[in-house]
Amino acid sequence: MKSALVDNAWLMNNFKRALLMLLCATIMTMPAIINGFPFIFQDSADYLAALPRFYRLPVYGWFAKIGALFDNIWLIAFAQGLIISHLLYYVTKSIFGKVNYGLLALMVLVLTLITSLPYFSAFMMADVFTPILFLTLYLLLFHSDTLPRFTYYYFWVLAIFAAMAHITNIYLGAGLIIFAAFFKWARSGFALSALKPVALPLILLSVSAGSIMAINQYYFKTFSLSPASPVFTLANLVSQGSAKEYILNSCPDADFKICQFAKALPTDVNEFIWSRTGIVMKMRGFSAYRNEAKEIVKNTIATYPKEVAQQALMSFVKSFEKHTPAVEINSSVISDNLPHYIKKVYGEKVRRDFLYSAQASDGLPYDAIKKIDNIVYPLSLLATILAAIIFLPRVRDNKYLFPLFTIVFVMGNNFICAAASGLFDRYQARVSWLMVFAVMLVIGIVWQEWRGKKAYNFLKQN
């Protein structure tokens, strides 16, 4: 009898938690539902069709196949929402010991209304897996002992996949693990035994890196993490000026293919890479131009190290000015023939659904989103930095670490993306909502401690 009651209680708890996850996923998907279609971008074409590209990993495309498998593109958005909701649940539970379901749903509602979260949870892009990677690694690094066994192993798989979904995630994950290793080592008084919890995340990231290189070897015959990265970096260095100066000073003696365009190099990264009349197209694509781009990048850094460092630093600083959510979710995808890919994978009806969406007519409330973000972003950034500093004396307790690691991850994300690929709002916006979540957790911690202190004083007096 007692066993049956325990089983019923366990089933009821899991049922309630599943309903909470579903509710939270639905809340963060509401902006896309109101839009009339999941949010898409030019790059979504490759992902929806799961096409391997020299410049883009097909891994997220494999995940997106769940939509094609069940002939419902909305499943991708809801699946992403469920993954994020599940992670938010366990981060909250790990910090507070239990979860108030109503408060968590309210937190998700606030995140949906004032942050970038809904514009990535329902975005058909691999960028959604960048914050997912952070939350997963954070739990494995600092709260693995609080996780149920099945959830613990599930997070192994999720960490491996999230690190593979977007090429920047490998570097961000490595940076986070290195910082966590140094932090744990210093916190313990430089005891080597403190590094043991870092081993598993490091192994998982190594599996991801090895898998990415194996994928690139299989499809493109190059055992590399990111075979196209020299081209992206060159485009960024040209836009910043240092590579353009190197090319002008080296041509025609250097005999680079790009020398014929030296005096007409585009200053915009997108024009350099993606324009039909851009440099990459003129050089017959990423694969054909990779080696020369790699040589020019190496020589530019060697010739102008100070200038390149200054430009990278300036790009990093400027990245904190470009973070508007949804600014790249617009009707330009129509001219890029993305509806054709939607029809190819999902049929004519789904293509029409997109064409009738608010995004297809630039009908999203862009001004309102920007105004809200221009207030929320700087305030949450300052609040998270302040919380990380205030909590420093308490860092021996993992409960107080989330603001610190959120700031480290956000800054790492901004630096890597700005220095390597250029300044695009979505790169900063994809992780900006984490800071608001961190502030919410800080408020919860302060409130919990205030109530505990108040209760203690009451009992002491009576």
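Residues numbered from 1 in each chain as written. Predicted model: local features only at pLDDT ≥ 70, side-chain atom pairs only at ≥ 80, totals over all residues. Heavy atoms only, no water.

The next point concerns the nonpolar core. By size, the foremost hydrophobic cluster in this structure holds 121 residues, and its most contacted members are Tyr60, Phe129, Phe402 and Phe405. Look past the residues within four positions of phenylalanine 402 in its chain and what remains in contact with it is Val91, Ile95, Phe134, Leu135, Tyr138, Leu434, Phe437, Ala438 and Leu441. (Core = buried A, V, L, I, M, F, W, Y, C linked by side-chain atoms within 4.5 Å. Buried < 20%, exposed > 50% of the residue type's maximum accessible area, 1.4 Å probe, protein only. Contact = heavy atoms within 4.5 Å.)

The omega angle of the peptide bond from cysteine 251 to proline 252 is 0°, so this bond is cis rather than trans. Along the polypeptide, proline 252 turns up in the loop between α12 (242–250) and α13 (269–273). Of note in this structure, aspartate 71 is not a glycine but carries a positive phi near 55°. Overall, aspartate 71 belongs to the exposed group, its relative accessible area being 53%. (Helix = DSSP H or I, 4+ residues; strand = E, 2+ residues; numbered from the N terminus.)

It is at 11 Å that the axes of helix α4 (residues 74–96) and helix α5 (residues 101–114) come closest, and there the two elements cross at 125°. With respect to α5, the axis of α4 lies oblique. Classified by chirality, the crossing of α5 by α4 is right-handed. Counting all contacts with α4, which are made through Leu88, Tyr89 and Thr92, the residues of α5 involved are Tyr101, Leu104, Val108 and Leu111. (Axes fitted to C-alpha atoms, helices over the stretch in contact; angles between N-to-C directions. Parallel < 35°, antiparallel > 145°, perpendicular 65-115°, else oblique. Left-handed = near helix turned anticlockwise from the far one by under 90°.)

Another aspect to go through is the packing of aromatic side chains. The final tally for this structure, using the stated rule, is 42 aromatic pairs. Note on phenylalanine 63 and phenylalanine 129: the rings are 5.3 Å apart at their centroids and 85° apart in plane angle, and the pair reads as edge-to-face. Separated by 66 residues along the polypeptide, phenylalanine 63 in helix α3 (residues 59–69) and phenylalanine 129 in helix α7 (residues 129–142) bring together distant segments of the chain. We classify phenylalanine 63 as buried; its relative accessible area is 13%. Directly above the aromatic system of phenylalanine 424 lies the positively charged group of arginine 426, at a separation of 5.8 Å from the ring centroid. Residue placement shows arginine 426 over the ring face of tyrosine 427; its charged tip is 4.8 Å from the ring centre. (Phe/Tyr/Trp six-rings, centres within 6.5 Å; stacked < 30°, edge-to-face > 60°. Lys NZ or Arg CZ within 6 Å of the ring centre and 35° of its normal.)

Moving on: the state of the cysteines. Going through the model one piece at a time under the given rule, you end up with one disulfide. Note on cysteine connectivity: cysteine 251 is disulfide-linked to cysteine 259, with sulfurs 1.9 Å apart. Residues cysteine 251 and cysteine 259 share a disulfide whose torsion about the S-S bond is about -80°; that sign makes it left-handed. On the basis of relative accessible area, cysteine 259 is assigned to the buried category, the value being 16%. (Disulfide = S-S within 2.5 Å.)

Before going further, it helps to spend a moment on the side chain of serine 226. In this structure, serine 226 sits in the loop between α10 (196–220) and α11 (229–240). Residue classification places serine 226 among the buried residues on the basis of a relative accessible area of 15%. Excluding residues that lie within four positions of it along the chain, serine 226 makes contacts with Ile167 and Asn216.

What is shown is where atoms sit, not what they do.
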